[in-house]
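Chain by chain, the residues run as shown.
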Amino acid sequence: LSALGQTLGRPETVQLGFDANKFNPQLRTLDRYGHLAEQGLLCSTPEPIARPRETFTSADAVIDTLTRRCNALMTRTDIYTAVDGTPLMAVLRFDNSGGKQFRPIHYSNGQWTLGDPPGPLPLFNLPGIASNAMADVLIVEGEKCAQRLIDNGYVATTSAHGANSATKTDWTPL
């Protein structure tokens, strides 16, 4: 029923199409997770189960693991660093016959961890932005495009994960 309610665009409840009292006098309405929602009180959204993220002592160990899992070759690495050059996160690109996959990893406490870092994501090329404070900064989509501009003498940046994720980025350095 939950899947049916979501398919029909009814985000909170699904009314049963039969007299539920005949089968169970307590059953009136199910919320979108299939839980009993008695007397108009909907169950709250269940908290996601936090699973520990895998950590690795080196970026090479992460790359080896993801290469096996993705069954693909890593074809690009874009590292996001702090102003002082300390690595904050990286976006790894893997390609195989099925297409491309991007996997973020982040650096914390001397280890690389699968996934994005907590909080807002950093801008790409923070050292270049900081060292050219008076320069115009070109904002483009994608690390590949930003890096090409940087390699040709421009100050450029991008948000991680493309234009649809720009709201997850900390834009205050600009």
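Residues numbered from 1 in each chain as written. Predicted model: local features only at pLDDT ≥ 70, side-chain atom pairs only at ≥ 80, totals over all residues. Heavy atoms only, no water.

## What about the sheet that holds strand β6 (residues 99-108)?
Phase 1 of the analysis: One open sheet holds the five strands; their spatial order is β3-β7-β6-β5-β4, and the pairing between them is antiparallel. The two strands at the open ends of the sheet, each matched to only one other strand, are β3 (55-56) and β4 (73-81).
Phase 2 of the analysis: Inspection of the sheet shows β4 paired to strand β5 (residues 87-96) by eight bridges, in the antiparallel sense. Bridged to L73 within β5 is D95.
Phase 3 of the analysis: Relative to the sheet, helix α2 (residues 59-70) contacts β3, β4, β5, β6 and β7 (111-114), its axis offset from that of β5 by approximately 30°.
Phase 4 of the analysis: Sitting on the sheet, helix α4 (residues 143-151) is in contact with β4 and β5, with an inclination near 65° to β4. (Pairing = 2+ DSSP bridges. Helix = DSSP H or I, 4+ residues; strand = E, 2+ residues; numbered from the N terminus. Contact = heavy atoms within 4.5 Å. Axes fitted to C-alpha atoms, helices over the stretch in contact; angles between N-to-C directions.)

## Let's talk about the confidence of the model for the chain
Phase 1 of the analysis: Averaged over all residues, the pLDDT of the chain is 80; the fraction at 70 or higher stands at 71%.
Phase 2 of the analysis: The secondary structure element of the chain with the lowest average pLDDT is strand β1 (residues 13-15), at 42, and the one with the highest is strand β9 (residues 156-157), at 97.
Phase 3 of the analysis: Counting contacts from residues 1-44, a segment whose pLDDT is below 50, to residues more than four positions away or on other chains yields 51 contacts. (pLDDT = per-residue confidence, 0-100.)

## Comments concerning the layout of surface pockets
Phase 1 of the analysis: By volume, the largest pocket amounts to about 260 Å³.
Phase 2 of the analysis: If you go around the largest pocket, you meet 15 residues; those closest to its centre are V91, F102, G142, E143 and K144.
Phase 3 of the analysis: Of all the secondary structure elements, the ones that give two or more residues to the lining of the largest pocket are β4, β5, β6 and α4.
Phase 4 of the analysis: Looking at the lining of the largest pocket, the element that brings in the most residues is β5, giving three residues. (1 Å grid on protein atoms, 1.4 Å probe; cavity = no way out; pocket = protein on both sides within 12 Å on 5 of 7 lines; lining within 4 Å. Points joined across faces, edges and corners; volume = space filled by probe spheres on them.)

## Concerning α2
Phase 1 of the analysis: In a regular helix each residue adds 1.5 Å, so 12 residues correspond to 16 Å; α2 covers 16 Å between its end C-alpha atoms and thus fits that length.
Phase 2 of the analysis: All of the buried residues in α2 are V62, I63, T65, L66 and C70. Buried residues of α2, seen end-on, are gathered within an arc of 165° and therefore sit on one face of the element. Seen from the buried face of α2, the exposed residues on the opposite side, beyond 90 degrees, are D60 and R68.
Phase 3 of the analysis: Just downstream of α2 lies N71, where phi reads positive at about 50°. (Expected span 1.5 Å × (residues − 1). Buried < 20%, exposed > 50% of the residue type's maximum accessible area, 1.4 Å probe, protein only. Arc of directions from axis to C-beta.)

## Some details on the side chain of S159
Phase 1 of the analysis: Inspection of the secondary structure assignment puts S159 in the segment after β9.
Phase 2 of the analysis: Within the structure, S159 has its side chain in polar contact with the backbone oxygen of G162 (distance 3.5 Å).
Phase 3 of the analysis: Setting aside residues up to four positions removed in sequence, S159 forms contacts with Y80, A166, T169 and W171. (Polar contact = N/O pair within 3.5 Å; in protein donor to acceptor, adjacent residues only side chain to side chain.)

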